[in-house]
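Residue-level listing of the chains:
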Amino acid sequence: MTSPPSRDQHTGRNATTSTGASGPKGTPAPGRDARLDNAKFILVALVVVGHAVQPLTDYAPAGALYYWIYFFHMPAFILISGYLSRNFDASSNRVEKLVLSLAIPYLIFWTVHQTIYAVERGGLPESMSVLKPTWTLWFLVALFLWRLSVPVWQRLRWPVAIAVVISVFAATADLGTTLSLGRVLSFLPFFVLGLSLRREHFAHLDRWWVRISSVVVLATTAVLAVPISDHLSRDWLFWRDSLTDRDIDPLLPSMGLRLAFMVLALLMSVSMLALTPKRHTWMTKLGAYSLYVYLGHSVVLLLLKNTAWYDVMSGPLGMAASIALALALTLVLCAPWVRASLQWSVEPQLTWFLREDSVLRVDRRDGASATGTARRKRRRTGAEGA
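Residues numbered from 1 in each chain as written. Predicted model: local features only at pLDDT ≥ 70, side-chain atom pairs only at ≥ 80, totals over all residues. Heavy atoms only, no water.

Caption draft 1: Spatial organisation of a nonpolar patch on the surface. Side chains of Leu-107, Val-130, Leu-131, Trp-352 and Phe-353 sit close together on the surface and give an oily, nonpolar patch of about 470 Å² of accessible area. Mapped onto the elements of the fold, Leu-131 is located in the loop between α3 (92-121) and α4 (138-148). Judged by its relative accessible area of 42%, Leu-131 falls in the partly exposed class. (Patch = residues over 30% accessible without salt bridge, like charges linked within 9 Å, V, L, I, M, F, W, Y side chains within 5 Å. Areas by Shrake-Rupley, 256 points an atom, 1.4 Å probe, with all protein chains shown as cover. Salt bridge = Lys/Arg side-chain N within 4 Å of Asp/Glu carboxyl O. Helix = DSSP H or I, 4+ residues; strand = E, 2+ residues; numbered from the N terminus. Buried < 20%, exposed > 50% of the residue type's maximum accessible area, 1.4 Å probe, protein only.)

Caption draft 2: Structural view of the nonpolar core. Core analysis: the biggest nonpolar cluster contains 103 residues, and Phe-139 and Trp-146 have the highest contact counts within it. Looking at this core element by element, the count peaks at 16 residues for helix α2 (residues 60-83). (Core = buried A, V, L, I, M, F, W, Y, C linked by side-chain atoms within 4.5 Å.)

Caption draft 3: Main features of the pattern of salt bridges. Across all of its chains, the model carries 6 salt bridges by this definition. Across the salt bridge formed by Lys-278 and Asp-206, the nearest N and O atoms sit 3.0 Å from each other. Of this pair, Lys-278 sits in the loop between α12 (252-275) and α13 (282-287) while Asp-206 sits in the loop between α9 (199-203) and α10 (208-231), and the two are 72 residues apart along the sequence. Taken together, the salt bridges that share partners define one network made up of Arg-35, Asp-206, Arg-211 and Lys-278.

Caption draft 4: Highlighting the packing of aromatic side chains. All told, the structure shown has 15 aromatic pairs when counted by the stated rule. Between the aromatic rings of Trp-68 and Phe-72, the centroid separation amounts to 5.2 Å while the plane-to-plane angle is 70°, which identifies the pairing as edge-to-face. Placement of the pair is Trp-68 and Phe-72 together in helix α2, with a separation of 4 residues, close to one helical turn. A relative accessible area of 2% places Phe-72 in the buried class. Note on Trp-146 and Phe-191: the rings are 5.4 Å apart at their centroids and 25° apart in plane angle, and the pair reads as stacked. With Trp-146 in helix α4 and Phe-191 in helix α8 (residues 188-196), this residue pair connects regions lying 45 residues apart in the sequence. Here Trp-146 matches Phe-191 in class, with each residue buried. Ring-pair connections join several aromatic residues into one group, and the members of that group are Phe-77, Trp-138, Phe-139, Phe-187, Phe-190, Trp-239 and Tyr-294. The side chain of Arg-86 reaches across the aromatic face of Tyr-83, ending 4.2 Å from its centre. The ring of Tyr-289 has Arg-339 lying over it, and the distance from NZ or CZ to the ring centre is 3.7 Å. (Phe/Tyr/Trp six-rings, centres within 6.5 Å; stacked < 30°, edge-to-face > 60°. Lys NZ or Arg CZ within 6 Å of the ring centre and 35° of its normal.)

Caption draft 5: Representation of the side chain of Thr-276. Relative to the helices and strands, Thr-276 resides in the loop between α12 and α13. On the basis of relative accessibility, which here comes to 2%, the residue Thr-276 falls in the buried class. A polar contact of 2.6 Å, which involves the side chain of Thr-276, links it to the backbone oxygen of Met-272. Beyond its immediate stretch of four places on either side in the chain, Thr-276 contacts Arg-35, Asn-38, Ala-39 and Ile-42. (Polar contact = N/O pair within 3.5 Å; in protein donor to acceptor, adjacent residues only side chain to side chain. Contact = heavy atoms within 4.5 Å.)

Caption draft 6: Seen up close, helix α1 (residues 34-53). Spanning 20 residues, α1 covers 29 Å between terminal C-alpha atoms, matching the ideal 28 Å at 1.5 Å per step. Within α1, 19 of the 20 residues are buried, which leaves the element mostly enclosed by the surrounding structure. Looking at where α1 begins, the residue whose side-chain oxygen comes 2.9 Å from the main-chain nitrogen of Arg-35 is Asp-33. (Expected span 1.5 Å × (residues − 1).)

Caption draft 7: Highlighting the confidence of the model for the chain. Per-chain confidence: the chain averages 86 in pLDDT, with 82% of residues scoring 70 or above. A low-confidence stretch, residues 5-28 stays under pLDDT 50, and its non-local contacts, those more than four residues away or across chains, total 92 contacts. (pLDDT = per-residue confidence, 0-100.)

Caption draft 8: Representation of the environment of Val-263 within the structure. Structurally, Val-263 is set in helix α12. Each C-alpha atom, one on Val-263 and one on Phe-72, is 9.9 Å from the other, the two residues being 191 residues apart in sequence.

Caption draft 9: How the structure looks around the packing of helix α6 (residues 159-170) against α8. Packing of α6 against α8 brings their axes to within 8 Å, and their N-to-C directions diverge by 175°. One finds that α6 runs roughly antiparallel with respect to α8. Seen from α6, the contacting residues are Pro-159, Val-160, Ala-163, Val-164, Ile-166 and Ser-167; seen from α8, they are Leu-188, Pro-189, Val-192, Leu-193 and Ser-196. Of the residues that constitute the contact of α6 with α8, the class distribution is 9 nonpolar, 2 polar and no charged. (Axes fitted to C-alpha atoms, helices over the stretch in contact; angles between N-to-C directions. Parallel < 35°, antiparallel > 145°, perpendicular 65-115°, else oblique. Nonpolar A, V, L, I, M, F, W, Y, C, P; charged D, E, K, R; others polar.)

Pasting the structure below:
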């Protein structure tokens, strides 16, 4: 998921979770990278599946699947987000687009989430701070902050190494939940690594030995997820809490485990990308709508958790049904009629939120004026012909 649409996605001028720039007859827009669109669809489907099976993790296979997904799905998404953010230069136009594509949807869905929570609790929560992201919305906050920092990382000599050091030491501090700073700093190395990649680096993924190794990595981690899910706290998967809260020493063992999870996430992310088709498939166009899926599924699943679904569904049947539901939901949220109904919240055109001299506001005003002029001209031509 990342911010909406990107005509120059290949060069990284906009978001990773582009919401759907496409060419004639529904073909992907020129310059889009089919591998990345395919990967975004796979990853956002894993996001939905992971959230759908989370209430069933007391069932061992569901718990192992949950751990396996959480080993790498967000690091991989963030890596792609960084790669597609390489041309963000903090210009007025880019910042305005960032506000409209991330900040405004954040406020809209934060309000929706809080409304659902209020109905569920029967009253308002103790804190109504908009600076505390609800559930899935931490990613929008993180991407907003990471994007703003792009010019800084591009001026540093060893950006990835510096980001790793920041990530590891940030984990030793209690950063609380404000702006999800724990996750912002913990996942930072994946975003900065994406910024450092170039198109030619992806060519290495097509080598036969890389693909074979990728199968081995993903299969091995799937097997290891079974014992790990039984013995390791789920907190290690979320990358949000301080290492000082764990039952082991916050320095040597904890930092070692954090670095190990970082390496594991990188290996699995690379493996997933290596095995993702680089040609246009049925997933390619849908990958451009990943932000619709990411934001939309959170509302559906929050409502679902307040029904009897998870009371009835359990064991292998519950797991299979929840996975099927998650995959169906992913596809439905990519449907044109659903996107049309959600566009106001996922891709809001609230240019009035910007200053009068905003580039986007001026462009929209000029466009509206040109459209009105053309309509008046057509009316006069029609009248004269009559």
